[in-house]
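For reference, the chains in residue letters:
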Amino acid sequence: GAKVGATALSRVLARLDIPQRPEVVVGVLSPDDAAVVLPPPGQALVHTVDFFRAFIEDPYTFGRVAANHALGDCHAMGADAVSALAIAAVPFGLE
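Caption draft 1: Structural view of the side chain of Glu23. Here Glu23 is to be found in the loop between α1 (6–14) and β1 (24–26). Among the residues examined, Glu23 registers a relative accessible area of 17% and is labelled buried. Within the structure, Glu23 has its side chain in polar contact with the side chain of Arg21 (distance 2.4 Å).

Below you can see the structure in the form of structure tokens.
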């Protein structure tokens, strides 16, 4: 399938230290099919996501590298980090 089961996803998310931000109306802490983020007054939201094959075996370190690449794209445009998009490929049969 195209989606990860709730059990596997919950186990992964439980390991993360997820900060709470007032502008995130719907996010990981109140999961739904999409996130809702309020832009700061007079500002726009910049979204980007990078996807590339894993080049190291540690998924946590690889996630940090991928996040750094995406945040670098935003920083290059002069944007401040408010939210993040993530794509994860999970091998079949881990649930």
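From this point, the narrative continues.
Caption draft 2: Quick peek at the pattern of salt bridges. Within this structure, the stated rule accounts for one salt bridge. Between Arg21 and Glu23 there is a salt bridge, with its nearest N and O atoms 2.4 Å apart. We classify Arg21 as partly exposed; its relative accessible area is 37%.

Caption draft 3: The arrangement of the environment of Ala35 in detail. Summarising the element assignment, Ala35 is placed in the loop between β1 and β2 (36–37). Given a relative accessible area of 57%, Ala35 falls into the exposed group. The spatial distance from the C-alpha of Ala35 to the C-alpha of Leu85 is 9.3 Å, given a sequence separation of 50 residues.

Caption draft 4: Inspection of the environment of Phe55 at higher detail. Here Phe55 shows up in the loop between β2 and α2 (59–76). Its relative accessible area of 53% is what places Phe55 among the exposed residues. Ignoring any residue separated from it by four or fewer positions in sequence, one finds Phe55 in contact with Phe62 and Val65.

Caption draft 5: Broad picture of α2. With 18 residues, α2 extends 26 Å from end C-alpha to end C-alpha; this agrees with the ideal 26 Å at 1.5 Å per step. Regarding α2, the residues found buried are Phe62, Ala66, Ala70 and Cys74. Across the axial projection of α2, the buried residues extend over an arc of 125°, all falling on one side. In this structure, α2 carries Tyr60, Arg64, Asn68, His75 and Ala76 as exposed residues pointing more than 90 degrees from its buried face. A positive backbone phi angle near 80° is found at Gly78, which sits one or two residues after α2.

Thresholds, definitions, all that
- Residues numbered from 1 in each chain as written.
- Predicted model: local features only at pLDDT ≥ 70, side-chain atom pairs only at ≥ 80, totals over all residues.
- Heavy atoms only, no water.
- Helix = DSSP H or I, 4+ residues; strand = E, 2+ residues; numbered from the N terminus.
- Buried < 20%, exposed > 50% of the residue type's maximum accessible area, 1.4 Å probe, protein only.
- Polar contact = N/O pair within 3.5 Å; in protein donor to acceptor, adjacent residues only side chain to side chain.
- Salt bridge = Lys/Arg side-chain N within 4 Å of Asp/Glu carboxyl O.
- Contact = heavy atoms within 4.5 Å.
- Expected span 1.5 Å × (residues − 1).
- Arc of directions from axis to C-beta.

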